[in-house]
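# Architecture at a glance
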Amino acid sequence: MRPEDAMPEMASLWIFGYGSLVWKPDFKYKRRKVGYIRGYKRRFWHGDNFHRGDENTPGRVVTLVEDDEERTWGVAYEVTGAQVEESLQYLNLREVVLGGYVTKMVEFTPRESEENEENEAPLLALVYMATSDNPIYQGPASAAEIAAQIASCQGRTGHNIEYLLRLAEFMRLCCPEVEDEHLFSIEAAALALLL
């Protein structure tokens, strides 16, 4: 079942992004919040043969892998009214049809709830993630192997290195206290290849 089929009557929906959605949502939204979800780690384990690669040289993009000890930081967007159906139709094409992702509802904790004395309750948010049974799922590899693949791939949306660098930039600007070793080690290895 597609998310837009199950949720068209919703007046409001939060959508959590942890990859390209943090800098390029490409849908209208009411507001956005930086924060995290628990129980998942972000990994460059998913292939991309459309946006950041092609059939012969698939790029690498992030997905979520279950891990009870981890948090994944990103951005949650609130869509309301007609934005709910519009964003879900757009994301179904971008993330499900072209990206091979599936959807899940997760608990999102806004950064404000950690910084303010008045704790904001966690929000229920829709997230897109790839699973290992997807035909373009790449799985684990060393930082050097992932970086080499990223450095050599380009798709219809742009070069795979742009995806990596923009995600690292988001983390440094919006979550400077968070150390994402997986992301930053791949970034360092990719930059070493380019310099």
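Above this text sits the structure in question.
Residues numbered from 1 in each chain as written. Predicted model: local features only at pLDDT ≥ 70, side-chain atom pairs only at ≥ 80, totals over all residues. Heavy atoms only, no water.

### Some remarks on the overall build of the chain
When helices and strands are tallied, the chain shows 6 helices and 5 strands. Written out in order from the N terminus, the α and β elements of the chain read α-β-β-β-α-β-α-β-α-α-α. Relative to a compact globule of 195 residues, whose C-alpha radius of gyration would be 16 Å, the chain shows 16 Å and is just as compact. Seen through its principal axes, the chain has C-alpha atoms that stretch 45 × 40 × 25 Å. In the chain, which comprises 195 residues, the proportion classed as buried is 52%. Look at the contacts in the chain between residues 6 or more apart in sequence, and 77% of them connect residues 24 or more apart. Counting only carbon and sulfur atoms, one obtains 49% of the accessible surface of the chain, whose full area is about 9600 Å². (Helix = DSSP H or I, 4+ residues; strand = E, 2+ residues; numbered from the N terminus. Rg over C-alpha atoms; globule rule 2.2 N^0.38 Å. Buried < 20%, exposed > 50% of the residue type's maximum accessible area, 1.4 Å probe, protein only. Contact = heavy atoms within 4.5 Å. Areas by Shrake-Rupley, 256 points an atom, 1.4 Å probe, with all protein chains shown as cover.)

### Focus on the layout of surface pockets
To find the voids left in a structure, one rolls a probe of water-molecule size over its atoms. As a volume, the largest pocket reaches approximately 330 Å³. Looking at the lining of the largest pocket, the elements with two or more residues in it are strand E1 (12–17), strand E2 (31–48), strand E3 (59–80) and helix H2 (82–97). Its residues placed into classes, the lining of the largest pocket shows 9 nonpolar, 8 polar and 6 charged. Volume-wise, the second largest pocket comes out at about 190 Å³. Forming the boundary of the second largest pocket are 13 residues, of which Glu-70, Arg-71, Glu-179, Asp-180 and Glu-181 lie nearest the centre. When contributions to the lining of the second largest pocket are tallied by element, the ones reaching two or more residues are E2, E3 and helix H6 (181–194). In terms of residue count, the dominant contributor to the lining of the second largest pocket is E3 (4 residues). Of the residues that constitute the lining of the second largest pocket, the class distribution is 3 nonpolar, 2 polar and 8 charged. (1 Å grid on protein atoms, 1.4 Å probe; cavity = no way out; pocket = protein on both sides within 12 Å on 5 of 7 lines; lining within 4 Å. Points joined across faces, edges and corners; volume = space filled by probe spheres on them. Nonpolar A, V, L, I, M, F, W, Y, C, P; charged D, E, K, R; others polar.)

### What to know about the environment of Met-171
Looking at the element boundaries, Met-171 is found in helix H5 (residues 160–174). Using a relative accessible area of 1% as the deciding quantity, one classes Met-171 as buried. Once you skip the residues sitting within four places of it in the chain, Met-171 turns out to touch Arg-42, Trp-73, Pro-176, Val-178, Asp-180, Leu-183 and Phe-184.

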